[in-house]
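Chains, contacts and geometry: an overview
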Amino acid sequence: VATNLGSEITRATAAEASVQLSVWRETSRAVGVENAVSTAVETERVRALAGEASVQLSVWQETSRAIGAENAISTAVNTERVRAIAGELSVATYLGSEVVRATAAEASVQLSVWRETSRAIGAESAVSTAVETERVRALAAEAVVLAVAQGEISRSINAQASLGNRMVLGTAANPAVSCNEILQRSFGPSGVYWIRPVPASPVFQVFCDMETDGGGWTMVYKITAGTGVNPVNTWTSATPTNEGAVSALSIFASPLVGAYANRIISSYWNAGGFSLTAARVHIYAGGELKRALRFNAAGSTNTNWFTLGTLVSSPWGDLVTGVANNFFSIVGDGGRQWFINRNYGSCGTDAGWMVLSTGTACGWETSAPNKPAIVYSPWGTNGVYQTSSNTLSFAQGEVFAVFVR
């Protein structure tokens, strides 16, 4: 038994050893498997770490690339900012230049405005000075006019009356001595006025020429062509002719009043306290003065004033002192009155300057049938009265008048 037990124990021990060996073996296998698993796990961990490292490397590389790109972008942005700043500085510089230019232009404009303002102020001052000067002159002139007015008032018959009661000179109620007095005192235009040459004279109307040769001329005589009057008879009459005919008092033809002569000719020609200095002979046509002669009438009579020696001016350049002439007189030669003649020869060679014709001795006279015919040389010298066809070569007037001053 003991042997059997021993054998069984041995067998049991051997079995246990076998079991233990199997356990060891299985344990070794499990440890080996565990080690293999552990190794595999470690390998996988290594592989995972390697992958993670690779991933991290890739991430780092991508990060680096991103950072590089970002840096490049930042650099580009900075470059563009620099360019923009440079551009902005350029624009600012340009704007600054333009501002400087604009400021300079504005300063130039302001300077021009200042200069123009200065000129305007200077001109305004000059104008103001001129206006003030004119005001002073006007006041001085007004003072002179007032002084003259006062002087005229003092000369008036009504010197003691107020200025408001003074009557206009040249009216029937306040006649002048002559047209010249009206011109000097009242400055009236040409027209009809009342005069009283001397205190003893009645008042009467006359025509005054206030424009020709300084004005102040009194018409004393007028003949209208073609009215059949005798010019010399009218002039030499001892009494006035149509003195009150107002229709005759103009420089136009007055067919209804062919002759006019006032009392200055017959009564006051340098007589009765009335003095003359000059006389004028006028020939009109259509109211236009065609020819005019001026004479010195100082100290003359109503006949001897009309001579070559008293002639002051004429429209004919060859009518001068010393020129040969056979007639220069009012009475003239028969039917040739107010006759200024150069020479006689025959009807075709008779030459002169002016005549009032009432005769028919030659062809040139019969070709001007409306007597008296007022004929005059239309040239600047004397001429032959008659053409080769025995007609008048001279011009004809409508009115012949005598004015005195």
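The shown structure was predicted, so the numbers you read here are calculated from the model rather than taken from an experiment. (Residues numbered from 1 in each chain as written. Predicted model: local features only at pLDDT ≥ 70, side-chain atom pairs only at ≥ 80, totals over all residues. Heavy atoms only, no water.)

Across its full length, the protein carries five helices and 14 strands. With the model as given, the accessible surface of the protein reaches about 22700 Å², and the carbon-plus-sulfur share is 59%. (Helix = DSSP H or I, 4+ residues; strand = E, 2+ residues; numbered from the N terminus. Areas by Shrake-Rupley, 256 points an atom, 1.4 Å probe, with all protein chains shown as cover.)

Applying the stated rule across the entire model yields two disulfides. One disulfide bridge connects Cys347 with Cys362, the sulfur atoms lying 1.9 Å from each other. Between Cys347 and Cys362, the disulfide has an S-S torsion of -75° and is therefore left-handed. You can see Cys347 sitting in the loop between β9 (336-343) and β10 (351-357) and its partner Cys362 sitting in the loop between β10 and α5 (363-366), a full 15 residues away along the chain. Taking the relative accessible area as the measure of exposure, Cys347 reaches 27% and is therefore partly exposed. Judged by its relative accessible area of 6%, Cys362 is buried. (Disulfide = S-S within 2.5 Å. Buried < 20%, exposed > 50% of the residue type's maximum accessible area, 1.4 Å probe, protein only.)

Quick look at the packing of aromatic side chains now. Considering all chains together, one arrives at 22 aromatic pairs under this definition. Taking the centre distance of 5.9 Å and the plane angle of 50° together, the rings of Trp235 and Trp305 count as tilted. Placement of the pair is Trp235 in helix α3 (residues 231-236) and Trp305 in the loop between β6 (288-296) and β7 (311-313), with a sequence separation of 70 residues. Grouping residues by exposure puts Trp235 and Trp305 together as buried. The structure contains a cluster of three or more aromatic residues connected by ring pairs, namely Tyr221, Trp235, Trp269, Phe295, Trp305, Phe306, Phe328, Trp338 and Phe400. Over the ring of Trp217 we find Arg280; its NZ or CZ atom is 5.6 Å from the centre of that ring. (Phe/Tyr/Trp six-rings, centres within 6.5 Å; stacked < 30°, edge-to-face > 60°. Lys NZ or Arg CZ within 6 Å of the ring centre and 35° of its normal.)

Burial analysis of β9 places six of its eight residues in the buried class, which makes it a mostly covered element. Between the end of strand β8 (residues 327-329) and the start of β9, which pair antiparallel, lie six residues, with Gly332 showing a positive phi angle near 70°. Relative to β10, β9 runs antiparallel, the two sharing five bridges. Each residue of the ladder has a partner; that of Asn341, found in β10, is Gly352. (Pairing = 2+ DSSP bridges.)

Here we take up unusual backbone geometry. The bulk of non-glycine residues show a negative phi, and the bulk of peptide bonds are trans. For the bond running from Lys371 to Pro372, omega is -5°, close enough to zero to count as cis. Here Pro372 is to be found in the loop between α5 and β11 (373-376). A positive phi angle, near 50°, is found at Asn270, a position not held by glycine. Counting through the fold element by element, Asn270 comes out in the loop between α4 (263-267) and β5 (278-285). In this structure Asn270 comes out as partly exposed when scored by relative accessible area, which is 25%.

This next bit is on the pairing of strand β3 (residues 217-224). Of all eight residues that make up β3, eight are buried, and the element is covered over most of its length. The sheet contact formed by strand β2 (residues 204-209) and β3 spans two bridges and is antiparallel. Across the sheet, residue Asp209 finds its bridge partner in β3, namely Trp217. As defined by bridge partners, β3 adjoins strand β14 (residues 399-404) across six bridges and the pair is classed as antiparallel. Bridged to Thr218 within β14 is Val404.

Ranked by internal contacts, the top residues of the largest apolar core, which has 64 residues, are Tyr221, Trp235, Trp305, Phe306, Trp338 and Phe400. Ranked by the residues each element gives to this core, the list is headed by β14, at six residues. Those residues in contact with Trp235 that lie beyond four places of it in its chain are Val220, Tyr221, Ile265, Trp269, Asn302, Trp305, Ile330, Trp338 and Val402. Counting residues in hydrophobic clusters, the runner-up holds ten residues, among them Val355, Cys362, Trp364 and Phe394. (Core = buried A, V, L, I, M, F, W, Y, C linked by side-chain atoms within 4.5 Å. Contact = heavy atoms within 4.5 Å.)

What follows is about helix α2 (residues 179-186). Since the α-helix packs 3.6 residues into each turn, any two residues three or four apart lie on the same face. Of the residues making up α2, those classed as buried are Cys179, Glu181, Ile182 and Leu183. Where α2 is buried, its residues meet β1 (191-195), β2 and β3. Following α2 by one or two positions, Phe187 adopts a phi angle in the positive range, close to 55°.

Another point: the confidence of the model for the protein. Note: predicted coordinates in regions of low pLDDT should not be interpreted at a detailed level. In the predicted model, the protein carries a mean pLDDT of 76, and 59% of its residues have values of at least 70. In the predicted structure, residues 138-150 sits below a pLDDT of 50 and forms zero contacts with residues beyond four places in sequence or in another chain. Counted against residues more than four places away or in other chains, residues 156-166, with its pLDDT under 50, gives eight contacts. (pLDDT = per-residue confidence, 0-100.)

A word on the pattern of salt bridges. Tallied over the entire structure, the rule returns seven salt bridges. Across the salt bridge formed by Glu181 and Arg185, the nearest N and O atoms sit 2.8 Å from each other. In this pair, Glu181 and Arg185 are both assigned in helix α2, four residues apart and thus about one turn of the helix distant. Across the pair Asp213 and Arg280 runs a salt bridge whose closest N-O atoms are separated by 2.8 Å. Taken together, the residues span a long stretch of sequence, with Asp213 in the loop between β2 and β3 and Arg280 in strand β5 at a distance of 67 residues. (Salt bridge = Lys/Arg side-chain N within 4 Å of Asp/Glu carboxyl O.)

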